[in-house]
Amino acid sequence: MSRLGPRQRFSALVLAGTLTLSGCGLELRDVPMPGLVSGPTYTVDAVFANALNLPDQAPVKLDGDTVGEVDSIRADDFRARVRLRLNDSVVLRRGTRAEIRLTSAMGEAFVELVAPARPGARIRPGGVLGLRATSTAPDSTDLLAALSVVVTGGSFADVQVVVTELRRALQGNGTHVRRLLHRLDHLVTGLNRRTASIDSVLDHLDELTASLAKDSATISDAVQEITPAVRVLARQRESAMALLRELSALSRVGRHVVAATRDEIVDQLVDVEPILDTVVRNQRSLAPLLKGVSAFARQLDHATPGDFANFQLTTLLDVRVNGGLPLVDLPHGKPPALDPPEWSSEPRLPGPLNPDDLDPRLLTALPGGRR
């Protein structure tokens, strides 16, 4: 059995490692990157105003030598808190500065530690380099921004354009602009005074919206039910407009008629007022008479069912009852004296009609009567 030489043993180990990796389905990107520091380490935090271009595991250098790496980066109170992992052999003193720099104009960022001119006490593990002890060197982005300011004017050129356009728009319109600003000030002041009312309106609108949301199903059904009616109204829109025009013309005519006959109508109402007052005062006396007429009409219907009869009704009014009714003046002086009738609570109605007592001419005129 022959022994393997050193080179052969190394090749066998590499082949075994490759077979192991391929058997587990691992790739090269799954292999962890080796760290920049080895052995015992300690951490120090550095607070930067901006650390956007600084990657994780970026090198930390001191006097050109790599003495550590960036362990983590997190945001803390709108600042970047960078944790630096350093070798135990590195001693940091008070006054040490940390600066983010680039390896080249388009290179990667790293943290450069600058020792103080007058070293102070040692910074213990877990110490913090404050915002005053950190800075960020200009990068290519800052260079391009500065170059754009030189070439195109940058943001100042945009401000100049805005100012120029404003001056052009306000030229000759100063009075109108001042009036507009005064009105805006008045409007904003009024709205500010009515803040409570506006809040109340918004609250009520919110309640209304919530109620409508609860009744959304009912509102949807109502909309579906009213849709046919709306369609009918839409089809009859021309007719409705014509009707409104006719009503407008009628209102004009009616207004003209009322204006022309207003005085006559008022005079007639004034003339009829005493008559109506007298009727109202004597309504208790007229009630029995009207009841008697109504009873007589019922009896007449029973006497001549399905036929008709002519008769004359004479009413005698006593002027001495309840103050009397106004009488029309007769051409021969006073009306003849009449004996007062005997009033009773119930009028005396005639009995059934006897055909023998009727006028023969009336019976001849009645259909089916004697001829």
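One can find the structure itself at the top, above this paragraph.
Residues numbered from 1 in each chain as written. Predicted model: local features only at pLDDT ≥ 70, side-chain atom pairs only at ≥ 80, totals over all residues. Heavy atoms only, no water.

Draft legend 1. Representation of the overall build of the protein chain in the model. A tally of helices and strands in the protein chain yields nine helices and eight strands. For the protein chain, long-range pairs separated by at least 24 residues make up 64% of all intrachain contacts whose partners lie at least 6 apart in sequence. (Helix = DSSP H or I, 4+ residues; strand = E, 2+ residues; numbered from the N terminus. Contact = heavy atoms within 4.5 Å.)

Draft legend 2. Looking closely at the nonpolar core. Among the nonpolar cores identified, the biggest contains 25 residues, and Leu54, Leu84, Leu86 and Leu113 are the most heavily contacted of them. Counting only elements with at least two residues in this core, the list comes to strand S1 (41-48), strand S2 (59-62), strand S3 (65-75), strand S4 (80-87), strand S5 (97-102) and strand S6 (109-114). Each residue touching Leu113, except ones within four places of it in the same chain, is listed here: Val60, Lys61, Leu62, Asp63, Leu84, Leu86, Leu92, Thr96, Arg97 and Ala98. (Core = buried A, V, L, I, M, F, W, Y, C linked by side-chain atoms within 4.5 Å. Buried < 20%, exposed > 50% of the residue type's maximum accessible area, 1.4 Å probe, protein only.)

Draft legend 3. Local environment of the pattern of salt bridges. The final tally for this structure, using the stated rule, is seven salt bridges. A salt bridge links Asp45 to Arg81; its shortest N-O distance comes to 3.3 Å. Of this pair, Asp45 sits in strand S1 while Arg81 sits in strand S4, and the two are 36 residues apart along the sequence. The same class applies to Asp45 and to Arg81, which are both buried. (Salt bridge = Lys/Arg side-chain N within 4 Å of Asp/Glu carboxyl O.)

Draft legend 4. Structural context of the pairing of S1. Burial within S1 is extensive, with six of its eight residues counted as buried. Bridge analysis of S1 against S4 gives eight bridges, and the strand direction is antiparallel. By the bridge assignment, Tyr42 is partnered in S4 with Leu86. (Pairing = 2+ DSSP bridges.)

Draft legend 5. Focus on the packing of aromatic side chains. Applying the stated criterion across every chain, the model contains zero aromatic pairs. The residue whose ring lies beneath Lys61 is Phe110, and the NZ or CZ to ring-centre distance is 4.8 Å. (Phe/Tyr/Trp six-rings, centres within 6.5 Å; stacked < 30°, edge-to-face > 60°. Lys NZ or Arg CZ within 6 Å of the ring centre and 35° of its normal.)

Draft legend 6. A look at a negative patch on the surface. Residues Asp199, Asp203, Asp206 and Glu207 make up a contiguous surface patch of negative charge. With respect to the helices and strands, Glu207 occurs in helix H5 (residues 195-214). (Patch = residues over 30% accessible without salt bridge, like charges linked within 9 Å, V, L, I, M, F, W, Y side chains within 5 Å. Areas by Shrake-Rupley, 256 points an atom, 1.4 Å probe, with all protein chains shown as cover. Lys, Arg positive; Asp, Glu negative; His and termini not counted. Charge placed at Lys NZ, Arg CZ, Asp CG, Glu CD.)

Draft legend 7. Region of interest: the side chain of Asn87. Mapped onto the elements of the fold, Asn87 is located in strand S4. Filtering out sequence-adjacent residues up to four positions away, Asn87 remains in contact with Val37, Ser38, Pro40, Thr41, Tyr42 and Val67.

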